[in-house]
Amino acid sequence: MDVLVLFLALLGGYWIGRNQRFGWVFQNEGERLVAQSLREHFSSPEFHLFNHVTLDTPEGTTQVDHILVSRFGIFVIETKDYSGWIFAGERDATWTQVLFHHKSRFQNPIRQNFRHVCAVRSLLDFLPPEAVHSAVVFVGSAEFKAGVPRGVFTVQGLIDHIVRQSPDVMSLNRVQFCVGRLEMARLALSGETDVEHVESLRWRFRKSWWRSPRS
């Protein structure tokens, strides 16, 4: 009985570690679907996919849903899973979701992802800035009522967008160098990492609130 318990504990530890290594433990359903689709269409050695990447920045930590490293550039991907109608402008600070006559606002994910892009550009500063691309992916049944902003895709739209990229912007050796740099820089996948990131967000938004003019 003790041997069986030990075996199950080891197996459980292996499974959790393996899932954490690939970011599956932390992904919601939308992120899982995007990661699965990217893995199916883009494989090593020309492509390398990172999921749930937490990076340090001067303003605290930032979390990136997916980073796809390729000869055609680095794709920094933010995933959103929404239903209903979406009213969105590329430069708006917030977007609006309307679902069953209920309205709710959320941060413009293009702006949100720009912070992620800046963090990756800073880390991979040996690449030209234009080699690091932003992509926001909407999964689910959401419908954009005022047009889809530039840089926003469906899952299939993102796949098509990446396939169309040419020419090469780096060699396979440089791709592997980027992969190594990201592996070294990303924070370990753990519950503590997420807690630290939430605290970083609270500090950053509190700082923004104090700087903003009060009514």
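Everything below is about the structure shown above.
Residues numbered from 1 in each chain as written. Predicted model: local features only at pLDDT ≥ 70, side-chain atom pairs only at ≥ 80, totals over all residues. Heavy atoms only, no water.

Caption draft 1: Molecular detail of unusual backbone geometry. Backbone torsion omega between Ser 44 and Pro 45 reads 10 degrees, so that peptide bond is classified as cis. Secondary-structure assignment places Pro 45 in the loop between helix H2 (29-41) and strand S1 (47-57). The peptide bond linking Ser 166 to Pro 167 adopts the cis configuration, its omega dihedral lying at -5 degrees. Here Pro 167 shows up in the loop between helix H4 (155-163) and helix H5 (172-185). (Helix = DSSP H or I, 4+ residues; strand = E, 2+ residues; numbered from the N terminus.)

Caption draft 2: Region of interest: the sheet that holds strand S8 (residues 143-144). In spatial order, the strands read S6-S5-S4-S8; together these four strands make up an open sheet with mixed pairing. Each of the sheet's edge strands pairs with one partner strand only, and the pair in question is strand S6 (102-107) and S8. As paired elements, strand S5 (residues 94-99) and S6 share six bridges and run antiparallel to each other. If you follow Val 98 over to S6, its bridge partner there is Lys 103. (Pairing = 2+ DSSP bridges.)

Caption draft 3: The arrangement of the nonpolar core in detail. With 21 residues, the main nonpolar core has Ile 67, Val 69, Ile 74 and Val 120 as its most contacted residues. Those elements giving two or more residues to this core turn out to be S1, strand S2 (60-70), strand S3 (73-81), helix H3 (109-123) and H5. Leave out the neighbours within four places in its chain, and Val 120 touches Leu 55, Ile 67, Ile 74, Val 76 and Val 132. Grouped together as the second largest cluster of nonpolar side chains are 17 residues, Leu 49, Phe 72, Val 137 and Val 139 included. (Core = buried A, V, L, I, M, F, W, Y, C linked by side-chain atoms within 4.5 Å. Buried < 20%, exposed > 50% of the residue type's maximum accessible area, 1.4 Å probe, protein only. Contact = heavy atoms within 4.5 Å.)

Caption draft 4: Highlighting H4. Of the positions making up H4, those classed as buried are Leu 158, Ile 159, His 161 and Ile 162. End-on, the buried residues of H4 take up no more than an arc of 160 degrees, which puts them together on one face. Of the surrounding elements, those touching the buried residues of H4 are H2, S1, S2, S3, strand S7 (132-139) and strand S9 (152-153). (Arc of directions from axis to C-beta.)

Caption draft 5: The arrangement of the pairing of S7 in detail. Across the eight residues that make up S7, a large majority, six, are buried. In this structure, S3 lies alongside S7, joined through eight bridges in parallel fashion. Each bridged residue has a counterpart across the sheet, and for Ile 77 the counterpart in S7 is Ala 135. Here S7 runs beside S9; their pairing, made up of two bridges, is parallel. Residue pairing in the sheet places Val 137 in a bridge with Phe 153 of S9.

Caption draft 6: Spotlight on the sheet that holds S2. The strand order across the open sheet formed by five strands is S1-S2-S3-S7-S9, and the pairing between neighbours is mixed. What marks the edges here is a single partner per strand, and that holds for S1 and S9. Sheet topology note: the S1/S2 ladder contains 10 bridges and is antiparallel. Among the inter-strand pairings, Asp 56 is bridged to a residue of S2, identified as Thr 61. Contacting S1, S2 and S3, H5 crosses the sheet at an angle of about 40 degrees to S1. (Axes fitted to C-alpha atoms, helices over the stretch in contact; angles between N-to-C directions.)

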